[in-house]
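# Structural overview
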Amino acid sequence: MEGKEFALNDIVEMKKQHPCGTNRWKIIRMGMDIRIKCEGCGHSVLIPRREFARKMKRVLVKHEG
Ligand SMILES: [Zn+2]
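A short tour of the structure in this document, coming up. (Residues numbered from 1 in each chain as written. Predicted model: local features only at pLDDT ≥ 70, side-chain atom pairs only at ≥ 80, totals over all residues. Heavy atoms only, no water.)

### Let's talk about the sheet that holds strand 3 (residues 33–38)
- Ordered in space as 4-3-2-1-5, the 5 strands form an open sheet in which the pairing is antiparallel. Strands at the two margins of the open sheet, each flanked by one partner only, are strand 4 (44–48) and strand 5 (56–61). Going across the sheet, the axis of each strand differs from the next one's by a mean of 40°, ignoring polarity.
- As defined by bridge partners, strand 1 (residues 11–14) adjoins strand 2 (residues 25–29) across 2 bridges and the pair is classed as antiparallel. Paired with I11 across the two strands is K26, which belongs to strand 2. (Pairing = 2+ DSSP bridges. Helix = DSSP H or I, 4+ residues; strand = E, 2+ residues; numbered from the N terminus. Axes fitted to C-alpha atoms, helices over the stretch in contact; angles between N-to-C directions.)

What follows is the structure, given as structure tokens:
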């Protein structure tokens, strides 16, 4: 599905924004679990891949190179 492909270092938007008011997250680890870091406050969370795919709204910025 378009917009649902993601890779390391991509910036993504989640369906629910972070309490700090930002809805830009960077994928900083890929594996069985995905670790994303809030671009606003630097908080990071670890989410199972399947759950991440469901909660992610779209990729905002594809990592170049
Ligand atoms: Zn935040």
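### Some thoughts on the side chain of N23
- Mapped onto the secondary structure, N23 falls in the loop between strand 1 and strand 2.
- Taking relative accessible area as the criterion, N23 reaches 17% and is therefore assigned buried.
- Among the polar contacts made by the side chain of N23, one reaches the main-chain carbonyl oxygen of M14 at a distance of 2.8 Å.
- In contact with N23, not counting residues within four places along its chain, are V12, E13, M14, K16, Q17 and L60. (Buried < 20%, exposed > 50% of the residue type's maximum accessible area, 1.4 Å probe, protein only. Polar contact = N/O pair within 3.5 Å; in protein donor to acceptor, adjacent residues only side chain to side chain. Contact = heavy atoms within 4.5 Å.)

### As for the pairing of strand 2
- The sheet contact formed by strand 2 and strand 3 spans 4 bridges and is antiparallel. Looking across to strand 3, one finds that R29 is bridged to R35.
- Here strand 2 folds back onto strand 3 in antiparallel fashion, the turn holding 3 residues.

### Focus: the coordination of the zinc ion
- Every protein donor of the zinc ion is listed here as H18 (ND1), C20 (SG), C38 (SG) and C41 (SG), and their distances to the metal cover 2.1 to 2.4 Å.
- Around the zinc ion sit 4 donor atoms; with metal-centred angles ranging over 103 to 119°, the donor geometry is tetrahedral.
- Since its relative accessible area comes to 39%, C20 is described here as partly exposed.
- Among the residues examined, C38 registers a relative accessible area of 2% and is labelled buried. (Donors = N, O, S within 2.8 Å, 3.2 Å for Na, K, Ca; no water. Tetrahedral: all angles 85-135°; square planar, octahedral: opposite > 155°, others 65-115°.)

### Things to note about the nonpolar core
- With 12 residues, the main nonpolar core is built from F6, V12, M14, W25, I27, I34, I36, C38, I47, F52, M56 and V59.
- Contributions of two or more residues to this core are made by strand 1, strand 2, strand 3 and strand 5.
- Setting aside residues no more than four positions away along its own chain, C38 makes contact with H18, C20, T22, R24, W25 and H43. (Core = buried A, V, L, I, M, F, W, Y, C linked by side-chain atoms within 4.5 Å.)

These values are about where atoms sit, not about what they do.
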